[in-house]
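# Report on the structure
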Amino acid sequence: MHSNNKYDIIIENTINDWKISMMNQKQTEKWEVPRYSKSQINKAGFVIADPTSPKDEREKAITILNNWRAAHAYPLQVICSNLRKRNPDAIVVQRLKRLESIMGKLERFPDMNLYRMQDLGGCRVILDTIEQVYDSVCNYKSSRIRHIQKREYDYIKSPKTSGYRSYHMVYQFQSDKKETYNKNLLIEIQFRTKLQHIWATAVEMMGIYTKSNLKSSQGNKDILRFFTLVSSLFAIKEEMPICPNTSNWADELINEIMEIDKRSNILIKLKAINQAIQSTEKIKKTNLKNGFYLLILNYKDSSLKIYSFRQSDFEIAARTYSKIETEFIESADVVLVSVKSFDILKTAYPNYFVDISEFIGVLKGIMYNYSKYNKNARKIFESANTIEI
């Protein structure tokens, strides 16, 4: 059976199960609530981190994890709505962390407490300029919010060695209206420029198709170095600090980028990735406002499937998300996101639409501007343009 049909069946069964459960209950919360204790949540994390855990224990642990993750949806919605009001001209999106990403993080850091994981619920604010990023950060920090700021990281002024650049803040949710959520529900907010966003998108895309966790600095050394160098090039363009262990000079960065590309053909691979997947169905625009979208990028049959859910149907969306993730964890990249409208979905998540053309275009423009390397740079990009899929 085609995987797309399997997705449809899972969603249909989930909706039917949900309707039956609603008939058996007098009332229900619109949003998922935490149903397990701190010790149960942490124990679940340790079970998942241990690859030798028995199957039944692992299944129970994933059930606990899914509830704990879903419980972040209401705090995430509240914080993200506030950010949308404060940043009307920005792209503001939210997402619950993917199961595969959570499990991978727990496996990499087996001593980590799942109860304290800070990015199960994440909100991203994408702005045009560096100045707008810092203005938005300052505006939010000085606002009259009850949430408790727990951590703050400026990866723009102090980029990671991987090349990652963004401004992060972590808040513990606090509410007078919904005390049920006044536990250790942490929400991570990322502020970044569009240039930083297209870089991060290209890294994630390359990671998906090389089946390596490039975001965590795991994978081919040439690819990792390539993206670090490009990030420094983008940092120079934004007049911000470069990444550690890279040159301060754009021409030296370009020279090293070209040397790496000469032996590893990274630009050709990026171009191929950008062309390889086409959506298997015509995606129709919808007027769904602040709804949820389930994006399923299937590696095996090179297809993209999109399902939309009204905000009031979050429970169904969350259950579907968990089931499809669990069943297709080896063959598909699945994420449940909320955006203001369908129109900005592709802009916010271009990796799921296999669109990294903007990343390639910006890099090409910078490299073409350096006459010393213009001729060789043109050869590289012209070669990338002549590939056949």
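Summary of the structure given here. Values in this document were obtained by computation on a predicted structure and should not be read as measured data.

### Section: the overall build of the protein chain
- The number of helices and strands found in the protein chain is 14 helices and eight strands.
- A burial count over the protein chain gives 56% of its 389 residues as buried.
- For the protein chain, restricting intrachain contacts to residue pairs at least 6 apart in sequence, the fraction spanning at least 24 positions comes to 71%.
- Taken as a whole, the protein chain presents about 18,800 Å² of accessible surface, with 46% of it coming from carbon and sulfur.

### A word on the pattern of salt bridges
- In total, this model carries twelve salt bridges according to the counting rule given.
- Taking the shortest distance from any N to any O, the salt bridge between Arg58 and Glu107 comes out at 3.6 Å. In this pair, Arg58 is assigned in helix H3 (residues 55-70) and Glu107 in helix H5 (residues 99-108), connecting sequence segments 49 residues apart.
- A relative accessible area of 42% places Glu107 in the partly exposed class.
- When the shortest N-O distance is used, the salt bridge between Asp313 and Arg310 registers 3.2 Å.
- Sharing partners across several salt bridges, the network here consists of Lys97, Lys105 and Asp119.

### As for the pairing of strand E4 (residues 167-172)
- By the criterion of burial, E4 is predominantly enclosed, with six of the six residues buried.
- Of the two faces of E4, the one carrying Tyr167, Met169 and Tyr171 and the one carrying His168, Val170 and Gln172 are both buried.
- In this structure, E4 lies alongside strand E5 (residues 186-193), joined through six bridges in antiparallel fashion. When the sheet's bridge partners are listed, Gln172 is paired in E5 with Leu186.

### Comments concerning the side chain of His168
- Take His168: it is sitting in strand E4.
- Using a relative accessible area of 7% as the deciding quantity, one classes His168 as buried.
- Within the structure, the side chain of His168 is placed 3.5 Å from the side chain of Glu188, a separation counted as a polar contact.
- Every residue in contact with His168, bar those within four places of it in the chain, is listed here: Arg151, Glu152, Tyr153, Tyr155, Glu188, Ile189 and Gln190.

### Considering helix H9 (residues 250-264)
- The end-to-end C-alpha separation of H9 is 21 Å, in line with the 21 Å expected for 15 residues at 1.5 Å each.
- Residues Ala250, Leu253, Ile254, Ile257, Met258, Ile260, Asp261 and Ser264 constitute the buried set of H9. What you see down the axis of H9 is that its buried residues fit within an arc of 165 degrees, all on one side. Exposed residues lying more than 90 degrees from the buried face of H9 are Lys262 and Arg263.
- Following H9 by one or two positions, Asn265 adopts a phi angle in the positive range, close to 50 degrees.

### Describing helix H4 (residues 73-86)
- Compared with an ideal rise of 1.5 Å per residue, which puts 14 residues at 20 Å, H4 spans 20 Å between its outermost C-alpha atoms and is within 8% of the ideal.
- Residues of H4 that are buried: Ala73, Tyr74, Pro75, Leu76, Gln77, Ile79, Cys80, Leu83 and Arg84.

### Some details on the nonpolar core
- Leu83, Leu114, Phe191 and Leu294 are the most contacted members of the largest nonpolar core, which totals 73 residues.
- Ranked by size, the runner-up nonpolar core spans 33 residues in total, among them Val203, Leu214, Leu233 and Leu363.

### A short note on the packing of aromatic side chains
- Per the stated rule, a full pass over the model turns up 13 aromatic pairs.
- When the ring of Trp68 is compared with that of Tyr115, the centres are 5.1 Å apart and the planes differ by 15 degrees; the resulting orientation is stacked. Of this pair, Trp68 sits in helix H3 while Tyr115 sits in the loop between H5 and strand E2 (121-127); the two residues are 47 residues apart in sequence, bridging distant segments of the chain. For the pair shown, Trp68 and Tyr115 are each scored as buried.
- An angle of 85 degrees between the planes, with centres 5.4 Å apart, marks the rings of Tyr140 and Tyr171 as edge-to-face.

Basis of the calculations
- Residues numbered from 1 in each chain as written.
- Predicted model: local features only at pLDDT ≥ 70, side-chain atom pairs only at ≥ 80, totals over all residues.
- Heavy atoms only, no water.
- Helix = DSSP H or I, 4+ residues; strand = E, 2+ residues; numbered from the N terminus.
- Buried < 20%, exposed > 50% of the residue type's maximum accessible area, 1.4 Å probe, protein only.
- Contact = heavy atoms within 4.5 Å.
- Areas by Shrake-Rupley, 256 points an atom, 1.4 Å probe, with all protein chains shown as cover.
- Salt bridge = Lys/Arg side-chain N within 4 Å of Asp/Glu carboxyl O.
- Pairing = 2+ DSSP bridges.
- Polar contact = N/O pair within 3.5 Å; in protein donor to acceptor, adjacent residues only side chain to side chain.
- Expected span 1.5 Å × (residues − 1).
- Arc of directions from axis to C-beta.
- Core = buried A, V, L, I, M, F, W, Y, C linked by side-chain atoms within 4.5 Å.
- Phe/Tyr/Trp six-rings, centres within 6.5 Å; stacked < 30°, edge-to-face > 60°.

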